[in-house]
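# Overview (structure and organization)
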Amino acid sequence: MHRILFLSAVALCAPAAFADPVPVQTVTASLTSLPVEVALAGTLQAVNSFPVAFPQGGRVISVAVAEGDTVSKGQDLARVDPTQADAILRAALANLDGADAALRQAQQASDRAAGLLKSGAGTRADVDVTTKSLFAAQASHDQATAQVAKARLMQDNTVLRAPSDGTITTRWADPGDVANPGQKVLTIAASGGLEGVFNAPDGVALEAFLGSPVTLTPMDQPDRTLTGTISEVSPLVDAHTGAVVVKVKLDTKAPEGVVFGTAVVGRLNVPHPA
C-alpha cells in the first residue's frame, strides 16, 4: 500500500519538475595571453655621438669645457702648446718674403731682356736665360706659398673646435697631458636627436619586440610622457652588466627641458608567458 502511494506521488510531481528544460549553450574555449607591463629604467642619450681630437697632437695647455656643457659649432674647446707651430709659421713667412723678392727680381730681369731684344740691343739667348730664371722663381714662390698655408693650418690645428652643436659627454684630457695625433680629447653628443637606452634582463627573446611601442616618462618630470619604438636590440650581452642593451627611438623631438642624460622609465606591454 505504501509503495503504491509513493509511486503515485512521483507520477504527480514529474510533469511539474521537467516542464521547463534548462537551456544549454556550447562555448569553444581557447588559451589567451594577457599583456604584462614591463618597466625598465634608462637614460636619454644622443642618437649620434662622436669623439674630437687634435690632428697633430701636442701638450694640452687648456680645456675650456666640462662634461655636461652645451657647445656650439666652431666654439673653442681645447688648445695645445702652439710654440712649435708658431716657429714653423714664422720660418715659412720669412721664406715667402725671400721668394717674393726673388720673383720680383726675376720678373724685372726677364722684362729687361725682352726690352733689349726688341730694341736690337739684346740677344735671344739672354731672353731664354731670364725666362728660365723667372719660371724657377715662380715655382719657388708657389712652393713657399704652399708652405705658409701648411704652417697656418698647423697653427690653426693647435685649437680644437666643436664640429657641430652638442653636449660634452666625456672629457678625456686635462691641461698638462700630452695628446697624440688623433687621440680623443672630448666626446660630443650631437644635438637634434635623442633615444632611450635601457639595460634589459637576458633570457627574453627581445628581438621579437623590435618596432613595438614604448612609453617613456622622465623620472624628474613624471607628468610628462614621451613615446617611441624599439629600434635596436644588442645581439650580445654586456659583459659588465649581464644585461642586453635596448634602444628606443623617440617618435618626436624631445620637448623643452628633456635633455641628454635625463633618467627615464620605459614601459612596454608584453604577452604573459603561457
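Quick note: structure is the one above.
Analysis parameters
- Residues numbered from 1 in each chain as written.
- Predicted model: local features only at pLDDT ≥ 70, side-chain atom pairs only at ≥ 80, totals over all residues.
- Heavy atoms only, no water.
- Phe/Tyr/Trp six-rings, centres within 6.5 Å; stacked < 30°, edge-to-face > 60°.
- Lys NZ or Arg CZ within 6 Å of the ring centre and 35° of its normal.
- Helix = DSSP H or I, 4+ residues; strand = E, 2+ residues; numbered from the N terminus.
- Buried < 20%, exposed > 50% of the residue type's maximum accessible area, 1.4 Å probe, protein only.
- Polar contact = N/O pair within 3.5 Å; in protein donor to acceptor, adjacent residues only side chain to side chain.
- Contact = heavy atoms within 4.5 Å.
- Pairing = 2+ DSSP bridges.

### Observations regarding the packing of aromatic side chains
- All chains considered together, the criterion is met by zero aromatic pairs.
- Above the plane of the ring of W172 lies K184, whose end atom (NZ or CZ) is 4.1 Å from the centre.

### Describing the side chain of T158
- For T158, the location among the structural elements is in the loop between α3 (124-156) and β6 (159-161).
- According to the relative accessible area criterion, T158 is buried, its value standing at 8%.
- Within polar-contact distance, the side chain of T158 engages the backbone oxygen of Q155 at 2.6 Å.
- If near-sequence neighbours (up to four positions away) are discounted, T158 is found in contact with F54, A78, R79, V80, D81, P82 and A85.

### A look at the side chain of H141
- Within the secondary structure, H141 is located in helix α3.
- Those residues in contact with H141 that sit more than four places away from it in its chain are L96, A99, D100 and L103.

### Here's the deal with the sheet that holds strand β5 (residues 76-80)
- Reading across the sheet, the four strands line up as β6-β5-β3-β8 and stay open at both edges, with antiparallel pairing between neighbours. Looking at the sheet topology across the chains shown, the edges are occupied by β6 and β8 (178-179).
- Pairing analysis gives three bridges linking β5 to β6, with the strands arranged antiparallel. The residue bridging D76 from the neighbouring strand is R161, located in β6.

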